[in-house]
Amino acid sequence: MTESDIPEGYDPKAFDPFAVTVDLAVFTVREAALHVLLIRRGQAPYAGAWALPGGFVLPDESAERAALRELAEETGLSREHASGLHLEQLRTYSDPGRDPRMRVVSVAFAALVPDLPEPRGGGDAAEAQWVPVPTDVPLAFDHGRILADAWRRIGDKLEYTSLAMGFCPPEFTLGELQQVYETVWGVSLDRPNFRRKVLATPGFVEPVGGAAPRRTGGRGKPAAVYRAGTATALHPPLLRPAADSTGDLSGEGA
């Protein structure tokens, strides 16, 4: 926009300026546990405190492009690889006092990535780590609230979408898929019921090569290998059991 594009009588300087940032809740499953990526801030404010990765939206960027850039920088992935991961907008956080520097509005995103190596700190981050969820680590700004909202969102969406595939490699066993649900929900699921429910949901998974080749390893019968199907919404949904459940999927029939 140039000065000639500004309507007559409109003065942009009459409004207080504010900045726009992106914050990312990046989740993965490591060692059978849900983890989130945290960075230790290298600069004020909150120097030395843990926070979600993120940064300011540049003048020539959309919030989505800024989030993709930050995801690539913090995970060490190429921009092309990062663009193929699950990244969705969570919500906007705009409380006037959320940042002591100035008025800052943050657009938060949730990202799901398969197991990755140790991260590297990018930008003004002194270091970066995968931290188990839930975490009792105090977070800078309002990032504790953002993390809680993001965790709740992905837990809810696992019930009625194929979002769990974002944690899985291209080819996986049903046991690996079940582990994703158990780690995100924090419950134990009955293996036969989970398998029956998944295979009965149209388009949820499909056998690799059409005949589900077997993956060997450990004792017992080799496990069949699957990949994501074409469905994005699950009908019927995989309903989350109560937190104190030790087995059955809620909503299972006889």
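All residue numbers here refer to positions counted from 1 along the written sequence of the relevant chain. With the structure being a predicted model, the display of local features is reserved for residues of pLDDT at least 70 and the display and counting of side-chain atom pairs for 80 or more, all residues being used for whole-chain, interface and lining totals. To get the side-chain values, all heavy atoms of the structure are used, and hydrogens and water are removed first.

Visitor: An account of the overall build of the chain is needed here, citing residue identities and associated values.
Guide: Helix and strand assignments come from DSSP, with helices taken as H or I runs of at least 4 residues and strands as E runs of at least 2, each series counted from the N terminus. The secondary structure content of the chain amounts to five helices and 11 strands. The contact criterion used throughout is that any non-hydrogen atoms of two residues lie within 4.5 Å. Considering only contacts within the chain whose residues lie at least 6 apart along the sequence, 66% involve residues at least 24 apart. Accessible surface, the chain: about 13300 Å² in total, of which carbon and sulfur atoms supply 52%. Each accessible area is a Shrake-Rupley estimate made with a 1.4 Å probe; only the visible protein chains count as cover when residues are assessed.

Visitor: Give a description of a nonpolar patch on the surface that names residues and reports values.
Guide: Taken together, the side chains of F18, V20 and M102 present a nonpolar region at the surface, about 250 Å² in accessible area. Mapped onto the elements of the fold, M102 is located in the loop between strand 5 (86-93) and strand 6 (104-112). Each patch is built from residues lacking any salt bridge and having more than 30% relative accessible area; the joining distance is 9 Å for like charges and 5 Å for nonpolar side chains (Val, Leu, Ile, Met, Phe, Trp, Tyr). For salt bridges, the criterion is a side-chain nitrogen of Lys or Arg within 4 Å of an Asp or Glu carboxyl oxygen.

Visitor: Talk me through the pattern of salt bridges; I want residue IDs and the actual numbers.
Guide: A side chain with one charge may pair with a side chain of the opposite charge, provided their charged atoms come close. Across all of its chains, the model carries 15 salt bridges by this definition. Between R69 and E70 there is a salt bridge, with its nearest N and O atoms 3.2 Å apart. Neither residue differs from the other here; R69 and E70 are each classed as buried. Put simply, E88 and K157 hold a salt bridge, and the shortest N to O gap is 2.9 Å. Categorising residues by exposure relies on relative accessible area from a 1.4 Å probe, with only protein chains included: less than 20% of the type maximum marks a residue as buried, more than 50% marks it as exposed, and the intermediate range marks it as partly exposed.

Visitor: Residue-level account of the packing of helix 4 (residues 174-185) against helix 5 (residues 191-200), with values.
Guide: Running from amino to carboxyl end, helix 4 crosses helix 5 at an angle of 100°, the nearest separation of the two axes being 11 Å. The angle between helix 4 and helix 5 falls in the class roughly perpendicular. Where helix 4 abuts helix 5, its residues L174, G175, L177, Q178 and Y181 lie against R191, F194, R195, V198 and L199. Basically, the charged four are Asp, Glu, Lys and Arg, the nonpolar ten are Ala, Val, Leu, Ile, Met, Phe, Trp, Tyr, Cys and Pro, and anything else, Gly included, counts as polar. Residue composition of the contact of helix 4 with helix 5, grouped by class: six nonpolar, two polar and two charged. Every angle, taken between N-to-C directions, lies between 0 and 180 degrees, and every axis is a line fitted to C-alpha atoms, over only the stretch in contact when it is a helix. Working definition: roughly parallel below 35 degrees, roughly antiparallel above 145 degrees, roughly perpendicular at 65 to 115 degrees, and oblique for all remaining angles.

Visitor: Break down the packing of helix 3 (residues 143-160) against helix 4 for me, citing the residues and quoting the values.
Guide: One way to put it is that helix 3 packs onto helix 4 with a least axis distance of 10 Å and a crossing angle of 140°. Classed by the angle they form, the pair helix 3 and helix 4 counts as oblique. Here helix 3 and helix 4 pass one another in a crossing that is left-handed. Taken together, the residues of helix 4 that come into contact with helix 3 (itself represented by W151, I154, G155, L158 and E159) are V180, Y181, V184 and W185. Looking at the contact of helix 3 with helix 4 residue by residue, the class counts come to seven nonpolar, one polar and one charged. By convention the crossing between two helices is left-handed if the near helix lies anticlockwise of the far one by an angle smaller than a right angle, and right-handed if it lies clockwise.

Visitor: An account of the side chain of K157 is requested, with residue identities and associated values reported.
Guide: When you line up the elements, K157 lands in helix 3. Those residues in contact with K157 that sit more than four places away from it in its chain are E88 and L163.

Visitor: Any chance you could break down the packing of aromatic side chains for me, citing the residues and the numbers?
Guide: Two aromatic rings, drawn from Phe, Tyr or Trp (for Trp, its six-membered ring), form a pair once their centres lie within 6.5 Å of each other, and the interplanar angle then sorts them: stacked below 30 degrees, edge-to-face above 60, tilted otherwise. Scanning all chains against the criterion turns up three aromatic pairs. Taken together, the aromatic side chains of Y181, W185 and F194 make up a single cluster linked through ring pairs. Over the ring of Y93 we find R91; its NZ or CZ atom is 4.6 Å from the centre of that ring. Sitting over a ring, as applied to charges here, requires NZ of Lys or CZ of Arg to be within 6 Å of the ring centre and within 35 degrees of the ring normal.

Visitor: Quick one: what's the story with helix 3, residue by residue and with numbers?
Guide: By this rule, a helix spans an expected 1.5 Å times one less than how many residues it contains. Taking 1.5 Å per residue as the helical rise, helix 3 with its 18 residues ought to reach 26 Å, and the 26 Å between its terminal C-alpha atoms agrees with that figure. Among the structural elements, strand 1 (19-30), strand 2 (33-41), strand 3 (50-51), strand 5, strand 6 and helix 4 are those in contact with the buried residues of helix 3.

Visitor: Can you lay out helix 4 for me, pointing to particular residues and giving the numbers?
Guide: Its 12 residues place the ends of helix 4 16 Å apart at the C-alpha level, agreeing with the 16 Å of an ideal helix rising 1.5 Å per residue. All of the buried residues in helix 4 are L174, L177, Q178, V180, Y181, T183, V184 and W185. Backbone geometry just after helix 4 places G186 at a positive phi near 70°.

Visitor: With reference to specific residues and values, describe the nonpolar core.
Guide: One finds F27, F167, L177, Y181, F204 and V205 to be the most contacted residues of the largest nonpolar core, which totals 43 residues. Only strand 1, strand 2, strand 5, strand 6, helix 3, helix 4, helix 5 and strand 11 (223-228) provide two or more residues apiece to this core. Considering each element in turn, this core owes the most residues, six residues, to helix 4. If we ignore the near neighbours within four places in the chain, the residues touching Y181 are L158, T161, A164, G186, L189, F194, F204, L234 and L238. The set of buried Ala, Val, Leu, Ile, Met, Phe, Trp, Tyr and Cys residues whose side-chain atoms join them within 4.5 Å is what this entry labels a nonpolar core. By size, the runner-up hydrophobic cluster in this structure holds 23 residues, among which are V22, A66, F109 and A111.

Visitor: How would you explain the side chain of R98 if you had to name every residue and give the values?
Guide: When you line up the elements, R98 lands in the loop between strand 5 and strand 6. In protein, a polar contact means a hydrogen-donor-capable atom and an acceptor-capable atom, both N or O and within 3.5 Å, with residues adjacent in sequence counting only if both atoms are side-chain atoms; elsewhere, any N or O pair within 3.5 Å suffices. Within polar-contact distance, the side chain of R98 engages the backbone oxygen of V104 at 3.5 Å. Each residue touching R98, except ones within four places of it in the same chain, is listed here: T21, D23, Y93, V104, V105, S106, F141, D142, H143 and I146.

Visitor: Provide a residue-level description of the pairing of strand 2, including the pertinent values.
Guide: The element strand 2 is largely enclosed, with a buried count of seven among its nine residues. In short, DSSP must find at least two bridges between two strands for them to pair. Relative to strand 2, strand 1 runs antiparallel, the two being bridged by four bridges. Residue pairing in the sheet places F27 in a bridge with V36 of strand 2. Judged from the two bridges that link them, strand 2 and strand 3 form a sheet pairing that is antiparallel. From the neighbouring strand, R40 faces strand 3, where its bridge partner is W50.

Limitation: the analysis is restricted to geometry and does not speak to function.
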